[in-house]
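Chain and residue survey
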Amino acid sequence: MLLGLVRGTVVASKRSDELEGARYLLVEVCTTGGEGTGSFIIVLDVLGAGEGEMVLVSQGSSARQTAVSKNRAVDAITVGIVDRVYESDGVAYRK
Amino acid sequence: MLLGLVRGTVVASKRSDELEGARYLLVEVCTTGGEGTGSFIIVLDVLGAGEGEMVLVSQGSSARQTAVSKNRAVDAITVGIVDRVYESDGVAYRK
Amino acid sequence: MLLGLVRGTVVASKRSDELEGARYLLVEVCTTGGEGTGSFIIVLDVLGAGEGEMVLVSQGSSARQTAVSKNRAVDAITVGIVDRVYESDGVAYRK
Amino acid sequence: MLLGLVRGTVVASKRSDELEGARYLLVEVCTTGGEGTGSFIIVLDVLGAGEGEMVLVSQGSSARQTAVSKNRAVDAITVGIVDRVYESDGVAYRK
Amino acid sequence: MLLGLVRGTVVASKRSDELEGARYLLVEVCTTGGEGTGSFIIVLDVLGAGEGEMVLVSQGSSARQTAVSKNRAVDAITVGIVDRVYESDGVAYRK
């Protein structure tokens, strides 16, 4: 999984995922301390993540292993909203 | 998923996908604001995306989760035609 | 999918794919105009692609969605032999 | 698979993996000799790996091939705790 | 698939793959001519590849399409031991 920050949303009315009310997040990949890297990925939100929150993103077929995303044409979902990241020298990130 | 701009099409008469009338798009990966990055990917179109439009692309086995692409040897499809990209400081892209 | 040029073949008599007469191509990833990038990938040929031809390559589990490659331990196949690549300003590649 | 060093943990109370007591490791990709590369990946621990240990990480759908991770939305697990890495000129890493 | 050179082995006594006698190879990704690139990947050996040999590596779910690796948490296997690589201007590699 990778860590990212919710930076916005993507709206697409014409879609092939057959998902009603799908919310696609614009996620910026980030460091363990929560700094953006400038690299973005679009992620289906299944947790209600809010802007600025750090999320744990699961990709590939693993993104289809939730009730919402099952059999849907999505390759990335939010698998967690991060509370804290611990490194050996202490807390690297706190929500 | 990734964001890209439709830049053209790829025609291949000899294929192993057993898809009739398949339309392969030449998609340039783009920024959240719609600027091309110079990196290209070939994507099966299942939405009728037109040249210049920004599309949401799903890859891997997730690309086979539509009626058209099911069990086909394609690893990327259009999962959405993007209308707007919102970032915290406003609209980054508008169709 | 990605675009590549057939540059040669790879011969491996001891294999775990249980495929008889498999032909592995040495494919150089190329630009939309057909220029090699110096990056190579080995691809199972299911179309009879010849040296110098531009091929469309499908990767991952999607590479197993043909009669020949089904259930085989291959992660890349030729899904098309490219005839033409069209960009907005004309034909970028012609076979 | 890739080699990495356990550098910490990630805590996310709101999750979509439906796993109780899941332990997510912060893993730094490392060289064969055990030096960190500065690149991180978040990995579900199924082996009880401790901080500083070198782990073998399996990604993608293969990460779901254990009793714990089966059908779960995780795309990376610990498939081994590394004892030794042997290179032609001797032992490159010893636990 | 990619080409690599067997450079050593990785020993991990605590594992989640439930494979007895599994042999994990340290493989250095190489050029078509057999020169190492400095990039490494850990690969389950299902062919008995020896040190210095060039192997063809299959990744992702395709790595689970052999009798040994079926349903196992491994994401890379040896799908071939390379005898020769042919390029248009002759033999690029010979075992």
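These lines cover the structure that appears in this document, whether it is placed above or below. None of these values were measured; they are calculated from a predicted model.

Digging into the interface of chain C and chain B
Opposite the 26 residues of chain C that make contact, chain B presents 28 residues. Roughly 2,000 Å² of surface becomes buried between chain C and chain B when both sides are summed, with 53% attributable to carbon and sulfur atoms. Among the residues chain C hides against chain B, the three largest losses belong to M1(C), Q65(C) and V79(C). Together they make up 31% of the total. Sorting the residues of the side of chain C that touches chain B by element identifies strand 1 (2-11), strand 5 (54-59), strand 6 (76-81) and strand 7 (84-87) of chain C as the ones contributing at least two each. No other element matches the five residues that strand 6 of chain C contributes to the side of chain C that touches chain B. Considered class by class, the residues forming the side of chain C that touches chain B number 13 nonpolar, ten polar and three charged. Of the pairings in the sheet, the one linking strand 1 (residues 2-11) of chain B to strand 7 of chain C comprises four bridges and is antiparallel in character. Its bridge partner being in strand 7 of chain C, G8(B) is matched across the sheet by E87(C).

Some points on the environment of G52(A)
With respect to the element layout, G52(A) can be found in the loop between strand 4 (36-44) and strand 5 (54-59). Between the C-alpha atom of G52(A) and that of G4(A), which follows or precedes it by 48 residues, the distance is 9.4 Å.

Describing the relation of the copies chain C and chain B
Rotating chain C by 72° and translating it 0.0 Å along the rotation axis places it on chain B, where the RMSD comes to 0.0 Å. Both chain copies can therefore be described as sitting about a five-fold axis. Mapped onto chain B, only 4% of the interface residues of chain C again fall at the interface, so the copies present different surfaces.

Things to note about the side chain of E53(B)
All names here are of chain B. Here E53 is to be found in the loop between strand 4 (36-44) and strand 5 (54-59). On the basis of relative accessibility, which here comes to 18%, the residue E53 falls in the buried class. For E53, the side chain forms a polar contact with the side chain of K95, separated by 2.9 Å. Each residue touching E53, except ones within four places of it in the same chain, is listed here: G4, L5, V6, G48, I81 and K95.

Rules and cut-offs
- Residues numbered from 1 in each chain as written.
- Chains lettered and ligands numbered in written order.
- Predicted model: local features only at pLDDT ≥ 70, side-chain atom pairs only at ≥ 80, totals over all residues.
- Heavy atoms only, no water.
- Contact = heavy atoms within 4.5 Å.
- Buried area = accessible area lost by both parts, 1.4 Å probe.
- Helix = DSSP H or I, 4+ residues; strand = E, 2+ residues; numbered from the N terminus.
- Nonpolar A, V, L, I, M, F, W, Y, C, P; charged D, E, K, R; others polar.
- Pairing = 2+ DSSP bridges.
- Least-squares fit on C-alpha atoms with pLDDT ≥ 70 in both.
- Buried < 20%, exposed > 50% of the residue type's maximum accessible area, 1.4 Å probe, protein only.
- Polar contact = N/O pair within 3.5 Å; in protein donor to acceptor, adjacent residues only side chain to side chain.

These figures come from the coordinates and say nothing about function on their own.
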